[in-house]
Amino acid sequence: MADKKWPETWQELTPGGMVFRPGSTMGYHTGSWRAEKPVYDNSKCIKCGICYIFCPEACVSQDADGYFMADMDYCKGCGICAHECWPGAITMIEEG
Amino acid sequence: MAKLAGMEIAFAAAEAVALCRPDVIAAYPITPNTHIPEHLSDIVAEGRLDAEFICTESEHSAMSACCGASGTGARAFTASSSQGLLYMGEIIPIVSAMRFPIVMALGNRANSGPINIWNDHSDIMSQRDMGWMAIFAANGQEVVDMMIQAFKIAEHRDVMLPIFVNLDGFQLTHMVEPIFFPTQAQVDKFLPEYKPYAALHPDNVVSMGSLGMPDIFNEFKKAQDEAMINSKKVILEVWKDWEKAFGRKYEPVMSYKTKGADVLLLTMGSMTETASVAVDEMREKGMSVGLLDMKLWRPFPSEELKKAVKGAKVLVVMDRAVSYGGPAGPVCAEVKSLLYGEPNAPVITNYIIGLGGRDVTVEDFVKMTEKSIKAKKEKPEKAYEIYGARGS
Ligand code: SF4
Ligand code: SF4
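Q: Can you walk me through the overall build of chain A in this structure?
A: Scanning chain A from N- to C-terminus turns up two helices and four strands. Reading chain A from its N end, one meets helices and strands in the order β-α-β-β-α-β. A compact globule built from 96 residues should have a C-alpha radius of gyration of about 12 Å, whereas chain A, at 17 Å, is more than 25% larger. With the C-alpha coordinates of chain A rotated into their principal frame, the extents come out at 55 × 25 × 25 Å. Taken across its 96 residues, chain A has 29% of its residues classed as buried. Looking at chain A alone, contacts between residues at least 24 apart form 59% of all its contacts between residues at least 6 apart. Roughly 6300 Å² of accessible area belongs to chain A as shown, and the carbon and sulfur atoms make up 57% of that amount. Of note, chain A has its 8 positive side-chain charges centred 2 Å away from the centre of its 13 negative side-chain charges.

Q: Looking at this structure, I do not really get the site of ligand 2. What am I missing?
A: As a matter of local geometry, ligand 2 sits amid Tyr-40, Cys-45, Ile-46, Lys-47, Cys-48, Gly-49, Ile-50, Cys-51, Phe-68, Cys-85, Pro-87 and Ile-90 of chain A. Looking at side-chain class alone, the shell around ligand 2 contains ten nonpolar, one polar and one charged residues.

Q: Would you take a moment to explain the site of ligand 1 for this structure?
A: Taken together, 14 residues surround ligand 1, and among them Cys-55, Cys-75, Cys-78, Gly-79 and Cys-81 of chain A come closest. Looking at the shell around ligand 1 residue by residue, the classes come out as eleven nonpolar, two polar and one charged.

Q: I'm lost on the sheet that holds strand β10 (residues 263-267) of chain B in this one. Help?
A: Picture the strands of a sheet paired through backbone hydrogen bonds; they go either parallel or antiparallel. Residues and elements named next belong to chain B. On the basis of which strands lie adjacent, the open sheet formed by six strands has the order β9-β11-β10-β13-β14-β15 and mixed pairing. Every interior strand has two partners, whereas the edge strands, β9 (253-256) and β15 (385-386), have only one. Each of β10, β11 (289-294), β13 (314-319) and β14 (347-352) is contacted by helix α12 (residues 330-339), which is oriented at about 145° to β13, the strand it contacts most.

Q: Help me understand the pattern of salt bridges, please; the structure alone is not making it clear to me.
A: Side chains that differ in charge, positive against negative, can pair when their charged atoms come close. Scanning the model with the defined rule gives 24 salt bridges over all chains in all. A salt bridge links Arg-34 of chain A to Glu-95 of chain A, with the shortest nitrogen-to-oxygen separation between them at 2.5 Å. On the criterion of sequence distance, the pair formed by Arg-34 of chain A in the segment before β1 (36-40) and Glu-95 of chain A in the segment after β4 (90-94) is long-range, its members being 61 residues apart. Residue Arg-34 of chain A is classed as buried on the basis of its relative accessible area of 13%. Notably, a salt bridge pairs Lys-313 of chain B with Asp-262 of chain B, separated by 3.2 Å at the nearest N-O pair. With Lys-313 of chain B in the loop between α11 (302-309) and β13 and Asp-262 of chain B in the loop between β9 and β10, this residue pair connects regions lying 51 residues apart in the sequence. The class of Asp-262 of chain B is partly exposed, set by a relative accessible area of 30%. Within the structure, one salt-bridge network assembled from shared partners comprises Arg-128, Asp-129, Arg-298 and Glu-334 of chain B.

So, how was this worked out
- Residues numbered from 1 in each chain as written.
- Chains lettered and ligands numbered in written order.
- Predicted model: local features only at pLDDT ≥ 70, side-chain atom pairs only at ≥ 80, totals over all residues.
- Heavy atoms only, no water.
- Helix = DSSP H or I, 4+ residues; strand = E, 2+ residues; numbered from the N terminus.
- Rg over C-alpha atoms; globule rule 2.2 N^0.38 Å.
- Buried < 20%, exposed > 50% of the residue type's maximum accessible area, 1.4 Å probe, protein only.
- Contact = heavy atoms within 4.5 Å.
- Areas by Shrake-Rupley, 256 points an atom, 1.4 Å probe, with all protein chains shown as cover.
- Lys, Arg positive; Asp, Glu negative; His and termini not counted.
- Charge placed at Lys NZ, Arg CZ, Asp CG, Glu CD.
- Near = heavy atom within 4 Å.
- Nonpolar A, V, L, I, M, F, W, Y, C, P; charged D, E, K, R; others polar.
- Pairing = 2+ DSSP bridges.
- Axes fitted to C-alpha atoms, helices over the stretch in contact; angles between N-to-C directions.
- Salt bridge = Lys/Arg side-chain N within 4 Å of Asp/Glu carboxyl O.

Next comes the structure, spelled out in structure tokens:
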């Protein structure tokens, strides 16, 4: 039987809700809370890294070409990156 | 062989805790439990007990230290009273949710204000729903016995919950009584070394006290409630084991002269002893009166209590705390809720007595009993009475 990712019923909980799998929160994709997502226009991006610095979720990373992108598994859609990106390379669009 | 010693009960409690070989004692003394951690610190300083004694700067820290210690798999003990317990308040429900078997000696004292250091049960009652088990001792011997039982109950793999051992402030903490002490060998046999379910260790990673969002919180609370309900089985087992080992019997609801009694008094803690003298006197006068002593408060001994009141016509519930503006005192409200809808349930009267150290005498119990018998015919005006308040 495949290991269940999360307990569903009360009987499946460990005493005190102790967690024995290190790093298990990595599997908890908080990005599901999002209403809007950031869309990057690399033609406007100057690779300043402001979006990377300001993202409170630390979910922005740099690719091999030096451009930035947000990890949609964790991006909460707060829009801070779009607000801080002064060349206007990031637009928030409704999650569809 | 067990040895008999005359000792102040707080000191005796400390000696009993030392026999349990705790690893960590973290305490901030507050009257009337002070002598318990004080004496334990002496025992540690004398080298009689190999434990870490943490003199914390507050009760909040004392409970936090116990929480941390318990997380590393240590056997942890603390003592508190009244405002000190309230100051621990933030951590109290956390350690029960984390299923840490911490033992606390609670030297029961009134919650201020007005400032008062004497006994009643308002401190424990304010922590009623914090997920801790709670037992009540009626005398020094029971304090010592329960202290040792408490570790065994709390640490049992099917329980893993913290526990309050309630001992009335001054009436018990500062009283000198002859007490039988078990030997270290007897306690070692009764209480095995603590083997924690899990312990914080870098080689074996575990997260404790994690976040519980709305999608799991409900289930978490259900699991916690089940753990508390199921702990009764273990409590009964431990009490049976104790009786076998030491010959002293403990039951969730102890009965005294209840056979065929029309009127039953229900008490908790040290007033039980006074009430038993009152019962003796009333029995001599030919009154059909018996006494129930509730030793187990959480988990609530529902079946035992239902059984114990069967056949009684009047049940007189003594509370030692006020639930301001409530339907009754905290104990009586629960007893009424338990007996609601039960066929032939007795008429229940409720007296709130002994607040903030007010003496409760044998005559008081007789008076309350006589009043209650009358109440069987004429319904009392009020659901409860703060007994003996001048002007009422
Ligand atoms: S929207 Fe917020 S969470 Fe998402 S990448 Fe931008 S700053 Fe980070
Ligand atoms: S802040 Fe804007 S311009 Fe700067 S790296 Fe991020 S996307 Fe590019």
